[in-house]
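# Architecture and fold: a report
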Amino acid sequence: MAAIFYVKDRAKMKLGIGNDHAAYNMKLQIKEYLESLGHEVVDYGCHSTDSVHYPEFGEKVGRAVANGEVDGGVLICGTGVGISMSANKVHGVRAAVCSEPVTARLTKEHNNANIIAFGERIVGIETAKAICKAWLDAEFQGGRHETRVQMMMDIEMRP
Ligand code: RB5
């Protein structure tokens, strides 16, 4: 019964999206794509191609994921690196930057990534969509991976 509800929830998630100026155009296309899959998307900015600083948007989406305001997050900057590094500074975030869908799937199955990230200057729009789809469709496998994810999160508790 619980598994059925879980699948139903995954089919329609509330996702946070964030980007910097380098990824504004891709953000618009990905937002539309995620909505076309039936997800609700909360846009944490930025909202133009005017130069901004990616840590602001990585942190906003990271905090929204960590406090349960959204079920998961999508972050895009030029490479996906700076914005995901920023999100990973927020307690409870596991943001993974990917350039292809196999890694995107495995970040959910093995690492239970709660944010997926990629770069507008690195991947094309179809690859970006495939990365999102692979991550959204995948399920955390638990078991030995649960132990490792817990060990990873325990690092945050140590000074
Ligand atoms: C912005 O020029 C660029 O540095 C940023 O989008 C990102 O690639 C950083 O990791």
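What counts and how
Residues numbered from 1 in each chain as written. Predicted model: local features only at pLDDT ≥ 70, side-chain atom pairs only at ≥ 80, totals over all residues. Heavy atoms only, no water. Phe/Tyr/Trp six-rings, centres within 6.5 Å; stacked < 30°, edge-to-face > 60°. Lys NZ or Arg CZ within 6 Å of the ring centre and 35° of its normal. Pairing = 2+ DSSP bridges. Helix = DSSP H or I, 4+ residues; strand = E, 2+ residues; numbered from the N terminus. Axes fitted to C-alpha atoms, helices over the stretch in contact; angles between N-to-C directions. Contact = heavy atoms within 4.5 Å. Near = heavy atom within 4 Å. Polar contact = N/O pair within 3.5 Å; in protein donor to acceptor, adjacent residues only side chain to side chain. Areas by Shrake-Rupley, 256 points an atom, 1.4 Å probe, with all protein chains shown as cover. Salt bridge = Lys/Arg side-chain N within 4 Å of Asp/Glu carboxyl O. Buried < 20%, exposed > 50% of the residue type's maximum accessible area, 1.4 Å probe, protein only. pLDDT = per-residue confidence, 0-100.

## Quick word on the packing of aromatic side chains
In the structure shown here, the tally under the stated rule is zero aromatic pairs. Geometry around Trp135 places Lys108 over its ring, the cationic atom sitting 5.0 Å from the centre.

## Description of the sheet that holds strand β1 (residues 14–19)
On the basis of which strands lie adjacent, the open sheet formed by five strands has the order β2-β1-β3-β5-β4 and parallel pairing. The sheet terminates laterally at β2 (40–43) and β4 (95–97), the two strands that pair on one side only. Here the average twist between neighbouring strands, direction ignored, is 25 degrees. Of the pairings in the sheet, the one linking β1 to β2 comprises four bridges and is parallel in character. Considered in β2, the bridge of Lys14 is made with Glu40. Against the sheet, helix α6 (residues 125–137) makes contact with β1, β3 (72–77) and β5 (115–119), and its axis sits at roughly 165 degrees relative to β5, the strand it touches most.

## Observations regarding the site of the ligand
Near the ligand you find Asp20, His21, Ala22, Tyr54, Cys77, Gly78, Thr79, Gly82 and Arg121, and these make up its full shell. Taking Thr79, its main chain carries an N or O atom lying 3.0 Å from an oxygen atom of the ligand. The separation between an oxygen atom of the ligand and a polar side-chain atom of Arg121 is 3.3 Å. Look at the ligand: alone it shows 290 Å² of surface, and the protein chains cover 72% of it.

## Digging into the pattern of salt bridges
What the rule picks out here adds up to seven salt bridges. Taking the shortest distance from any N to any O, the salt bridge between Asp43 and Lys27 comes out at 3.0 Å. In this pair, Asp43 sits in strand β2 while Lys27 sits in helix α2 (residues 24–36), placing the two residues 16 residues apart along the sequence. Pair check on accessibility: Asp43 and Lys27 agree, each one buried. A salt bridge links Asp43 to Lys31; its shortest N-O distance comes to 3.3 Å. With a gap of twelve residues between them, Asp43 in strand β2 and Lys31 in helix α2 connect regions that are remote in the sequence. The partly exposed category is assigned to Lys31, whose relative accessible area is 21%. The network of salt bridges with shared partners includes Lys27, Lys31 and Asp43.

## Re the confidence of the model for the protein chain
Note: predicted coordinates in regions of low pLDDT should not be interpreted at a detailed level. For the protein chain, per-residue confidence averages 94 on the pLDDT scale, and residues scoring 70 or more make up 94% of the total. Low confidence marks residues 1–8, where pLDDT is under 50. Its contacts with residues over four positions away, or in another chain, come to one contact.

## Regarding unusual backbone geometry
The omega angle of the peptide bond from Gly45 to Cys46 is 10 degrees, so this bond is cis rather than trans. Along the chain, the position of Cys46 falls in the loop between β2 and α3 (54–66). Of note in this structure, Asn112 is not a glycine but carries a positive phi near 50 degrees. Mapped onto the elements, Asn112 comes out in the loop between α5 (101–109) and β5. Here Asn112 falls in the partly exposed class, since its relative accessible area comes to 23%.

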